[in-house]
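Chains, contacts and geometry: an overview
What follows is each chain in one-letter form.
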Amino acid sequence: MSTTFDTAVIDTALDDLTEGAKTWAATDLRRRRELLDELHALTARDAESWVAAARTIKKLDADSPLLGEEWMSGPMTLLASAKALSESLAALERGASPIDGVDLGTAPGGRVSVPALPHGFYDWLLLNGFSAEVWLRPGVDAATARRKAGLAQRDPKQTNGVGAVLGAGNIMSIAPLDTLYELYANNRVVALKLNPITDPLLPVFQAVFAPFIELGVVRILTGGAPEGGYLVNHPKVDHVHMTGGAPTHDAIVWGVGEDAQRRKQAGEPALTKPITSELGGVAPCIIVPGKWNKADLKFQAEHVATMRLHNGGYNCVAAQTVVLSADWDQKDQFLTELRAAIDNAPVRTAYYPGSDTRVEGALTSYPDAGRANGRVLVENLPMTGTPLLRTEYFSPVLGVVELPGTGAEFLDKAVDFANDELMGTLGANLLAHPTSISELGDAFDTAVANLRYGTVAINSWTGLAFLTPRASWGAFPGHTIDDIQSGIGVVHNAFLLDDVERTVVRGPFRPAPRSLFAGEFATTPKPPWFVANKTAAATGRKLTGFYGDGKLRRLPGIFVSALRG
């Protein structure tokens, strides 16, 4: 392999980690838990520096409400995950299962469901009306679920070598979270290579992971594709985990050009070690027709705009296809509100490389599309055979497909469309009026069960599952390296559950106080992750402070800020 960089840096890091694997095997559960607690304290200490670096990367103004995204999907998420993992380790220390004391439920098809949100009083207080549960694969019973929870930490001395983690460049907590999952779920020491976009965060990550670095079980590397290629193919790396897009995955596994095609046809991958991955796709947002009032139409249009435009559109689980009923008598009203929500969302710099090219590609494919502030809205999409259904644009491009029917007829068609026509299986969203859900009854539950996605969100955005530490995050199971779709394996999953199938998230159809007036018991106002939330930065900062030290005196300020949003 021809290289134009100093391979000695990577070689030395992997030599250190090979020895570090022995140290990790000798590190007992108590010390492993203490390391998580130390990381938690360091993250809280350096949260301000973290967000400052992220602001530079994302080219955001210091007073932008959009900084709330960086607080919540950055240090806040890592704080929550470290604490949740620490609690699971504490249970294992006691000889218990991480889900002992958790009331397991049932889901369609006889599945076991594990409640992930709310977990404790403060979850209930801060995200009132939202819930999440992890569905295990069919055939797994509750006793098996409890016995297997803990994954590799059930036998901490049995380590699994060195893992290479290729970090993402869009959401700043992904690389740290994936590193923790390799260490704890899989019992592998970690060579983390940052995406070059996130290099300004290197000092923060080195500081946050200092206890693990000093122990010799984590090394953080930088560089581009050549360094990444050298790392993943190094003989001292036993496993690879990556977050990104399917083309990048295939280049790692099969190579590039004609040689890659030959390898794929012959079933001879260039990468000769196991790989797991979290990749994107074309995520749907299915709008179930019902009787919505004007406020519902406006709020849910802002909800869909958030699903697409959060983080500038550079999310692997960003909604890319809105699925509407052509026969919904409020369809035109909703589309009017959706256009307004997209047009009125805060303007931001396209920071992610290649974004402008991808937007131009969409406009070439759809020259009649609506456009504003660098965003593209394509209406009246064909139901099959069109690029927007098969291409993850990873930019502010949103399409609308209209299917015939109402009620259960429409919902069945929408589920089949999402499963069969859209590329990827990372996340699917369903927006439905509570009355519609009640009227559909078992048909609605069946539709949720039939969606083949790793996260399904009902009146919420699948992004909430990413923020929820005990939820699983990853593609629907069953993909293979030669048809990767949205990837293989899961991450986050702080209960350390085995046999995960998906996470199902639920939220209130209306924000407070409208929810309370309508008899929907939920006290959460407009969520702070909404792109139009004017106090998102202040709320995100206050939430991060609370997740960092748990001081009750912070709660009134959080509620006041959230209500003002």
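Computed from a prediction, not measured in an experiment: that's the story for all the values here.

**Some words on the overall build of the protein chain**
- Along the protein chain, the regular secondary structure elements total 24 helices and 19 strands.
- Since a compact globule built from 565 residues should have a radius of gyration of about 24 Å, the 23 Å found for the protein chain is in line with a globular shape.
- By residue count, 61% of the 565 residues in the protein chain fall in the buried class.
- In the protein chain, the share of contacts with a sequence separation of at least 24, taken over all contacts with a separation of at least 6, comes to 77%.
- Only carbon and sulfur atoms are counted for the fraction: they give 52% of the accessible area of the protein chain, which is about 21,100 Å².
- With 52 positive and 62 negative side-chain charges, the protein chain shows a spacing of 5 Å between the two charge centroids.

**Details of the UniProt feature "domain: Aldehyde dehydrogenase" (unreviewed entry) in the protein chain**
- If you check UniProt for "domain: Aldehyde dehydrogenase" (unreviewed entry), the listed places come out as residues 212–349 in our numbering.
- Helix and strand shares over residues 212–349 are 44% and 20% respectively, and the end C-alpha atoms of the span are 35 Å apart.

**Considerations on the sheet that holds strand E2 (residues 111–117)**
- Read from one edge to the other, the open sheet built from 11 strands follows the order E1-E2-E3-E19-E15-E14-E9-E10-E13-E12-E11, with strand pairing classed as mixed. Edge positions in the sheet fall to strand E1 (105–107) and strand E11 (370–372), since each of these pairs with one other strand and no more. Going across the sheet, the axis of each strand differs from the next one's by a mean of 25°, ignoring polarity.
- Note that strand E15 (residues 455–458) and strand E19 (residues 500–506) share 4 bridges and pair parallel. The residue bridging Ile458 from the neighbouring strand is Arg506, located in E19.
- Set on the sheet, helix H14 (residues 294–309) makes contact with strand E9 (283–287), strand E10 (319–325), strand E12 (375–378), strand E13 (397–403) and strand E14 (427–431); between it and E14 the angle comes to about 170°.

**Considering the pairing of E2**
- Buried residues dominate E2, accounting for 6 of its 7 residues.
- Hairpin connection from E1 to E2: 3 residues lie between these consecutive antiparallel strands, with Gly109 at a positive phi of about 80°.
- Where E2 meets strand E3 (residues 131–136), 4 bridges bridge the pair, whose relative direction is antiparallel. What sits directly across from Leu117, in E3, is Ala132.

**Overview of unusual backbone geometry**
- Looking along the chain, the bond that leaves Leu117 and enters Pro118 is cis, with omega of -5°.
- Looking at the secondary structure, you find Pro118 in the loop between E2 and helix H6 (121–126).
- Non-glycine residue Phe394 carries a positive phi angle of around 45°.
- Mapped onto the secondary structure, Phe394 falls in the loop between helix H17 (387–390) and E13.

**Section: the domain arrangement of the protein chain**
- Segmentation of the protein chain into domains returns domain 1 (7–98 + 149–244) and domain 2 (284–459).
- Using only C-alpha atoms to locate each centre, domain 1 and domain 2 end up separated by 33 Å.
- Each partner contributes to the interface: domain 1 provides 12 residues, whereas domain 2 provides 12 residues.
- Together, the buried faces of domain 1 and domain 2 total about 1,000 Å²; carbon and sulfur atoms form 60% of this surface.
- Looking at the side of domain 1 facing domain 2, the largest losses of area belong to Lys58, Glu69 and Asn170, adding up to 43% of the total buried there.
- Joining domain 1 to domain 2, the criterion identifies 1 salt bridge.
- Close ionic contact of Glu69 with Arg348 constitutes a salt bridge, the shortest N to O distance being 3.0 Å.
- Where domain 1 touches domain 2, the interface holds 6 residue pairs in polar contact (both at pLDDT 80 or more).
- At the level of elements, helix H3 (47–58) and helix H4 (67–73) are the ones that each hand at least two residues to the side of domain 1 that touches domain 2.
- Grouping the constituent residues of the side of domain 1 that touches domain 2 by class yields 5 nonpolar, 3 polar and 4 charged.

What counts, and where the lines are drawn
Residues numbered from 1 in each chain as written. Predicted model: local features only at pLDDT ≥ 70, side-chain atom pairs only at ≥ 80, totals over all residues. Heavy atoms only, no water. Helix = DSSP H or I, 4+ residues; strand = E, 2+ residues; numbered from the N terminus. Rg over C-alpha atoms; globule rule 2.2 N^0.38 Å. Buried < 20%, exposed > 50% of the residue type's maximum accessible area, 1.4 Å probe, protein only. Contact = heavy atoms within 4.5 Å. Areas by Shrake-Rupley, 256 points an atom, 1.4 Å probe, with all protein chains shown as cover. Lys, Arg positive; Asp, Glu negative; His and termini not counted. Charge placed at Lys NZ, Arg CZ, Asp CG, Glu CD. UniProt positions renumbered as here; feature names shortened; annotations may be inferred. Pairing = 2+ DSSP bridges. Axes fitted to C-alpha atoms, helices over the stretch in contact; angles between N-to-C directions. Domains from an automatic or database assignment. Buried area = accessible area lost by both parts, 1.4 Å probe. Salt bridge = Lys/Arg side-chain N within 4 Å of Asp/Glu carboxyl O. Polar contact = N/O pair within 3.5 Å; in protein donor to acceptor, adjacent residues only side chain to side chain. Nonpolar A, V, L, I, M, F, W, Y, C, P; charged D, E, K, R; others polar.

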